[in-house]
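Letter by letter, the chains look like this.
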Amino acid sequence: MPRDEFLPFSPPCLGDEEIAEVADCLRSGWITTGPRTARFESEFARYLGAPAALGLNSCTAGLHTALVALGIGPGDEVIAPTLTFASTVNVIEHAGARPVLVDVEPDTMNLDPERVAAAVTDQTRAVMVVHLGGHPADMDPLREIAAAEDLVLIQDAAHALPAAYKGERIGSGPGPASFSFYATKNLTTAEGGMLTGDPEFLDRARIISRHGMSGDAWRRDRQERSWSYAVVQPGFKYNMTDVQAAMGLKQLEKLDRMQRRRREIVALYDAAFAGCDALETPARRPEVEHAWHLYAVRLNPDALRIDRDRFIAELEDRRIGTSVHFIPVHIQPYYRDRYGFAPQDMPVAMEQWPRLISLPLHPGLSDADAADVIEAVTEVAASHRR
Ligand SMILES: *Cc1c(COP(=O)(O)O)cnc(C)c1O
């Protein structure tokens, strides 16, 4: 029996607590960067065990700010995986540097450290490390390469809240690591982001994210000569608002509970799909704690008569929303044409991405919803078996 109502892929999980805190903020007389942003920054840092945190209006802003704060620009190269969201790579272009895309590992689809090592040149300054779907990248070999070649690892932690690698929380180190609070992410402020890392680095990043002005409006509001400011470099407009922080503070209080629910749904999916030869369940390595932002299955082309696109359409007919994470960046028209990539330059990504389907995974999913997803997936697989 198909569902009556469409099951959306990833709606936000918000309650009366967020609504009340946002209303309090709106009534407070201070709606942009101010006391709630400061509190969200310190509570977020404390949650992760990070040295410091900087609230921003997106993860993309955090990645761009990190590059600029590191002084990366024209003449520099930055290595990034091809299987990521476009913004991981777009920001390298914004900084004026050259993105050097590399292929991924077949199981986690994260950066392949051997390919990173092979891509390093005299111009390489940094590596964008994406923790795809919430499964941490293999940090130890990446750190070895970074130390040997004097590179900075910039973590795109958009999916990695909360995740851990060998017992160490992603974003708890000297960083920089950039988190996303976009509407579909594990914690949302509608739009928003947080950069974590070394406090002195974040002081510089804070200035860059506030027009290059030393001291923000709320801090100035409490000083003598509150109208005064100094522009020390042409920065960007990347600050988080207190309305966003109001949502974030309440979401952070619920995060552990929301993660428990994600893991329960993952267990239901794992059990249901364990014996299904038409698809592979997501990889996980023993040394990580997975953030379970995504539950991305991979179809087995040998076992099915239909391709991924048709599989998605059949799930949609059964009123199940899905998504694909991601179309490799090196086949996107801009990057393909600018850098002359051929699809087969990244054979692992090209083998994996046509098989990918991200199934609904969010804390608002009921057991009955999960059962509907399982039934639809197994039914589509069974009716198109080779
Ligand atoms: C969502 C996402 C981003 C961008 O996050 P924003 O907060 O929307 O800027 C970056 N990288 C990855 C892998 C993402 O999924």
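Residues numbered from 1 in each chain as written. Predicted model: local features only at pLDDT ≥ 70, side-chain atom pairs only at ≥ 80, totals over all residues. Heavy atoms only, no water.

A.B. asks: Help me out: how do you make sense of the side chain of Q259 in this one?
C.D. replies: Topologically, Q259 is positioned in helix α9 (residues 242–273). Judged by relative accessible area, which is 2%, Q259 ranks as buried. Contact partners of Q259, with chain neighbours within four places excluded, come to L161, P162, N186 and A291. (Helix = DSSP H or I, 4+ residues; strand = E, 2+ residues; numbered from the N terminus. Buried < 20%, exposed > 50% of the residue type's maximum accessible area, 1.4 Å probe, protein only. Contact = heavy atoms within 4.5 Å.)

A.B. asks: I keep staring at the environment of G133 and nothing clicks. Help me out?
C.D. replies: Topologically, G133 is positioned in the loop between β4 (124–130) and α6 (139–149). For the pair G133 and A160, spaced 27 residues apart in sequence, the C-alpha to C-alpha distance is 7.4 Å.

A.B. asks: Sorry if this is basic, but what is going on with the sheet that holds strand β7 (residues 168–169) here?
C.D. replies: Sheet strands pair by backbone hydrogen bonding; their relative direction is either parallel or antiparallel. The strand order β7-β6-β11 describes an open sheet built from three strands, whose pairing is antiparallel. At either end of the open sheet lies a strand with only one pairing partner, and these are β7 and β11 (288–289). Two elements, strand β6 (residues 164–165) and β11, share two bridges in a ladder whose sense is antiparallel. Paired with A164 across the two strands is E289, which belongs to β11. (Pairing = 2+ DSSP bridges.)

A.B. asks: Help me understand the pattern of salt bridges, please; the structure alone is not making it clear to me.
C.D. replies: If charged atoms from side chains of opposite charge come close, those side chains can pair. This structure, assessed with the given rule, holds 27 salt bridges. The partner of E168 in a salt bridge is R143, with the nearest N and O atoms 2.8 Å apart. Here the residue E168 occupies a position in strand β7, and R143 occupies one in helix α6, the gap between them amounting to 25 residues. You can call E168 partly exposed: its relative accessible area is 33%. With relative accessibility at 32%, the residue R143 sits in the partly exposed group. A salt bridge links E314 to R310, with the shortest nitrogen-to-oxygen separation between them at 2.9 Å. Remark: R310 and E314 occur in helix α10 (residues 308–317); sequence separation between them is four residues, near one turn of the helix. Among the charged side chains, a network of salt bridges with common partners joins E105, D107, D138 and R285. (Salt bridge = Lys/Arg side-chain N within 4 Å of Asp/Glu carboxyl O.)

A.B. asks: How do you make sense of the sheet that holds strand β10 (residues 279–280) when you look at a structure like this?
C.D. replies: Reading across from one edge, β10-β12-β13 is the order of the three strands in this open sheet, with antiparallel pairing throughout. Only two strands of the sheet have a single neighbouring strand rather than two, namely β10 and β13 (356–359). Examined bridge by bridge, strand β12 (residues 295–299) and β13 share four bridges and lie antiparallel to one another. In the sheet register, R298 faces β13, and the bridge partner there is L356. Each of β10, β12 and β13 touches α9; the most contacted strand, β12, lies at about 15 degrees to it. α10 contacts β12 and β13 of the sheet and is inclined by roughly 25 degrees relative to β13. (Axes fitted to C-alpha atoms, helices over the stretch in contact; angles between N-to-C directions.)

A.B. asks: Sorry, what's going on with the site of the ligand here?
C.D. replies: In the neighbourhood of the ligand, 15 residues make up the surrounding shell, with T60, D156, H159, S180 and K185 lying closest. One nitrogen or oxygen atom from the side chain of T60 is found 2.4 Å from an oxygen atom belonging to the ligand. Measuring from an oxygen atom of the ligand, one finds a side-chain N or O atom of H159 at 2.6 Å. A total of 380 Å² of accessible area belongs to the ligand in isolation, and the protein chains cover 92% of it. Mapped by element, the contributors of at least two residues to the shell around the ligand are α3 (59–69) and α4 (86–94). Counted by class, the shell around the ligand contains five nonpolar, eight polar and two charged residues. (Near = heavy atom within 4 Å. Polar contact = N/O pair within 3.5 Å; in protein donor to acceptor, adjacent residues only side chain to side chain. Areas by Shrake-Rupley, 256 points an atom, 1.4 Å probe, with all protein chains shown as cover. Nonpolar A, V, L, I, M, F, W, Y, C, P; charged D, E, K, R; others polar.)

A.B. asks: Quick question: what am I supposed to make of the confidence of the model for the chain here?
C.D. replies: Any residue range with low pLDDT should be treated as having predicted coordinates unsuitable for detailed reading. Looking at the chain as a whole, its pLDDT mean stands at 96, while 97% of the residues score no less than 70. Here helix α8 (residues 217–221) is the element of the chain with the lowest mean pLDDT, 63, and strand β2 (residues 77–81) is the one with the highest, 99. (pLDDT = per-residue confidence, 0-100.)

A.B. asks: Looking at this structure, I do not really get α6. What am I missing?
C.D. replies: Side chains that are three or four residues apart share a direction in an α-helix, a result of its 3.6 residues per turn. Taken together, the buried positions of α6 are occupied by M139, L142, I145 and A146. Around the axis of α6, the buried residues are gathered within 125 degrees of arc, so they sit on the same side. In α6, the exposed positions that point more than 90 degrees away from the buried face belong to E144, A147 and A148. The inward-facing, buried residues of α6 abut α5 (113–119), β4, β5 (152–156) and β6. Following α6 by one or two positions, D150 adopts a phi angle in the positive range, close to 60 degrees. (Arc of directions from axis to C-beta.)

A.B. asks: Would you mind going over the nonpolar core with me for this structure?
C.D. replies: Note on soluble globular proteins: their nonpolar side chains tend to be buried together. Counting residues in hydrophobic clusters, the biggest one holds 45 residues, and the most contacted among them are L67, V78, L83, I92, M128 and I154. When contributions to this core are tallied by element, the ones reaching two or more residues are β1 (53–56), α3, β2, α4, β4, α7 (199–209), α11 (333–339) and α12 (347–352). Among the elements that make up this core, the one with the highest residue count is α3 (six residues). Sequence-distant contacts of I92, defined by excluding residues within four places in its chain, comprise L67, V78, A80, A97, R98, P99 and M128. Counting 42 residues, the second largest nonpolar core, distinct from the first, contains L111, L153, A157 and L187. (Core = buried A, V, L, I, M, F, W, Y, C linked by side-chain atoms within 4.5 Å.)

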